Amino acid sequence: MAESTRPVRTLGLLGTGVIGGGWAARALHFGIDVIAADVKPEMEDWIRGAVANAEGALSRLTSAPLPPKGKLFFTTDLNAMASQADFIQENIPEQLELKQRVLAQASRHAPADVVIASSTSGLMPSDLQRDMRFPERLLVAHPFNPVYLLPLVELVGGARTALAALDAATAFYTYIGMHPLRVRREVPGHLTDRLQEALWREILHLVNDGVATTGELDDSIVYGPGLRWAAMGTNLIYHLAGGEPGMRHMLRQFGPCLKWPWTKLEAPELTEELIDRMVEGTEAQAAGRSIRALERLRDEYLVAIQQVLRQFDIGAGTTLRRLEERLYADSAAALASGGGSESLRRAGSGLPLTLETQVRAEWADAGGEMLDYRYLQVFGEAAEALFRAAGASAQGDHGAVAALRAVESHVTRQARAQALETISVTTQVLAVNESRVHLFHRLARRGDDRLIATAEQLYEHAVAAPGASPALADGLRARLDELCRAHARLSVPPQAGRRVVLAPS
Ligand SMILES: NC(=O)c1ccc[n+]([C@@H]2O[C@H](COP(=O)([O-])OP(=O)(O)OC[C@H]3O[C@@H](n4cnc5c(N)ncnc54)[C@H](O)[C@@H]3O)[C@@H](O)[C@H]2O)c1
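Residues numbered from 1 in each chain as written. Predicted model: local features only at pLDDT ≥ 70, side-chain atom pairs only at ≥ 80, totals over all residues. Heavy atoms only, no water.

**Student:** What is the right way to read a nonpolar patch on the surface from this model?
**Tutor:** A cluster of nonpolar side chains, Leu270, Ile275 and Val279, forms an exposed patch at the surface whose accessible area comes to about 240 Å². Here Ile275 shows up in helix α12 (residues 272-286). Exposure remark for Ile275: the relative accessible area of 32% places this residue in the partly exposed category. (Patch = residues over 30% accessible without salt bridge, like charges linked within 9 Å, V, L, I, M, F, W, Y side chains within 5 Å. Areas by Shrake-Rupley, 256 points an atom, 1.4 Å probe, with all protein chains shown as cover. Salt bridge = Lys/Arg side-chain N within 4 Å of Asp/Glu carboxyl O. Helix = DSSP H or I, 4+ residues; strand = E, 2+ residues; numbered from the N terminus. Buried < 20%, exposed > 50% of the residue type's maximum accessible area, 1.4 Å probe, protein only.)

Structure, rendered in structure tokens:
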């Protein structure tokens, strides 16, 4: 394959079921247009519903500035999709002959530099590319459900896959916030499904032998290893379990058990009785909750876990940080080029829109109203977006603009923000000097001019090291000055410069 430099503006989807819907939601959220193709016309409603369902949790993943959302088109004409897309992701049922036939058909309509990736859970890329035109652009890109929240995607090349296709795919998936894991050699089931299947086989044995219920087996993971696995895998965790000598000691101590072994390797016979036990067990665990309700619960905690891991710069939290870095950098570049950036858009007042976010459920009290201290968090994020857009770089342990710190804040509240409503913040630069920035934020409901809250803040440039200059970097100072001059045309808000006083009763 020729070096693929084709920018991906439109993602083509072949098959729009559970996985196709997940790809659509993720790509649209990060500004990529999607042409979704499925043989069944009724899948149009389905995929639009799936995208809408995903949007709630997805919109709470990050408050970094996002590009305008992509547009979703649906067609039953697979050839038309293939001729218009910049990158194709296949998500049709897991049957080798069907996938071979459909991939070959798509390859006859897609230009040679369009990468074609398969979401297959276990088929080998060498088999999938067999009948394709330009087979060197085919690779496996195996995602995990829900695709719109889990960053992992396993990339596997076949015998004829070009390195350029793998590189182009790595760049694209990174752009939409994922963690591409390059698998060195094709094997059935890739990496993750092989590991998951080993666990699944043992679960089936333990249920079949009457040793445990599905709920007890899930508890054995959820209360223990599952918590560790969110950021450290089995190998690093076992390295820690070996004490100071680490993995070497661990293998000496527990290595002999591997010869017994504890596990059964071969899957048990899937008898009707075993199927019934699995179904009854999981229905008891669901305790009357619908699949939709459980999905919502899963999505909310997946967002929350990634935000916690972000603070530790580990695992999926590192992926989220890198994504945010890129979003802030894109937004700053667009602002610098004066191109009317949609990433720091202007509100009707002419002020930059520094934050637009949903009030997360966990930010609210029992009555559904946003908690006091969350206002300060929201205004802090708005200030950070403004500084980043003006060219400040992220530093420090939490990936924030550590060099600029709020030394004074005065929040006023006129109304109350409610859980799950969308709020927006505009920020006015009132004054700038060599080391300080005076800001004024207004928080309102999206599309509504009435104020909910305001904040007046003084930010100071922290001295990096003893003796270092406290002055703002020249470029940052110049851009903040520019904003300050532009904002001077607007009126000074009445809340600015006010003291906290107890009005006489
Ligand atoms: N479900 C998961 O958890 C999961 C996870 C990772 C990967 N995958 C893989 O993703 C792929 C899709 O799985 P799914 O769970 O989304 O399946 P699904 O059954 O939900 O969706 C498949 C879709 O493909 C459509 N389709 C069938 N034949 C077609 C054709 N010739 N052209 C276009 N569309 C066609 C169907 O109408 C359906 O909408 C499989 O290869 C699967 O192994 C699934």
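**Student:** When you look at the site of the ligand in this model, what are you seeing that I'm missing?
**Tutor:** Taken together, 22 residues form the shell around the ligand, and within it Ile19, Asp38, Glu94, Lys99 and Ser121 come nearest. The separation between an oxygen atom of the ligand and a polar side-chain atom of Asp38 is 2.7 Å. In the model, an oxygen atom of the ligand is placed 2.6 Å from a nitrogen or oxygen of the Glu94 side chain. Taken by itself the ligand offers 840 Å² of open surface, and the protein chains cover 77% of this. Elements with a minimum of two residues in the shell around the ligand: α1 (18-29) and α4 (96-109). Of the residues assigned to the shell around the ligand, the class counts are nine nonpolar, nine polar and four charged. (Near = heavy atom within 4 Å. Polar contact = N/O pair within 3.5 Å; in protein donor to acceptor, adjacent residues only side chain to side chain. Nonpolar A, V, L, I, M, F, W, Y, C, P; charged D, E, K, R; others polar.)

**Student:** For this particular structure, what's the right way to read the packing of helix α8 (residues 214-222) against α12?
**Tutor:** Helix packing geometry: the angle between the two helix axes and the distance between the axes. Interaxial distance between α8 and α12 falls to 8 Å at its minimum, and their mutual angle equals 65 degrees. Taking contact as the criterion, the partners of Thr214, Gly215 and Asp218 in α8 are, on α12, Arg277, Met278, Gly281, Thr282 and Gln285. Grouping the amino acids of the contact of α8 with α12 by side-chain chemistry returns one nonpolar, five polar and two charged. (Axes fitted to C-alpha atoms, helices over the stretch in contact; angles between N-to-C directions. Contact = heavy atoms within 4.5 Å.)

**Student:** Is there a simple way to think about the sheet that holds strand β10 (residues 404-413) in this case?
**Tutor:** Consider a sheet: its strands pair through backbone hydrogen bonds, and that pairing is either parallel or antiparallel. Read across the sheet, five strands follow the order β9-β11-β12-β13-β10 without closing on themselves; strand pairing throughout is antiparallel. This sheet does not close on itself; its edge strands, each paired only once, are β9 (353-358) and β10. The average angle at which neighbouring strand axes cross in this sheet is 20 degrees, direction not considered. Contacts between helix α16 (residues 474-487) and the sheet are confined to β10, β11 (422-432) and β12 (436-445), with β11 contributing the most and set at about 100 degrees to the helix. (Pairing = 2+ DSSP bridges.)

**Student:** How should I be thinking about the sheet that holds strand β3 (residues 72-75) in this particular structure?
**Tutor:** Across the sheet, eight strands lie side by side as β3-β2-β1-β4-β5-β6-β7-β8; this open sheet has mixed pairing. Each having just a single partner strand, β3 and β8 (179-183) make up the two edges of the open sheet. Mean inter-strand twist for the sheet, computed between neighbouring axes without regard to direction, equals 25 degrees. Summarising the sheet, strand β6 (residues 138-142) and strand β7 (residues 152-157) pair through four bridges and their orientation is antiparallel. Within β7, the position partnered with Val140 by the bridge is Val156. Relative to the sheet, α1 contacts β1 (10-14), β2 (33-37), β3, β4 (87-90), β6 and β7, its axis offset from that of β1 by approximately 175 degrees.

These values are about where atoms sit, not about what they do.
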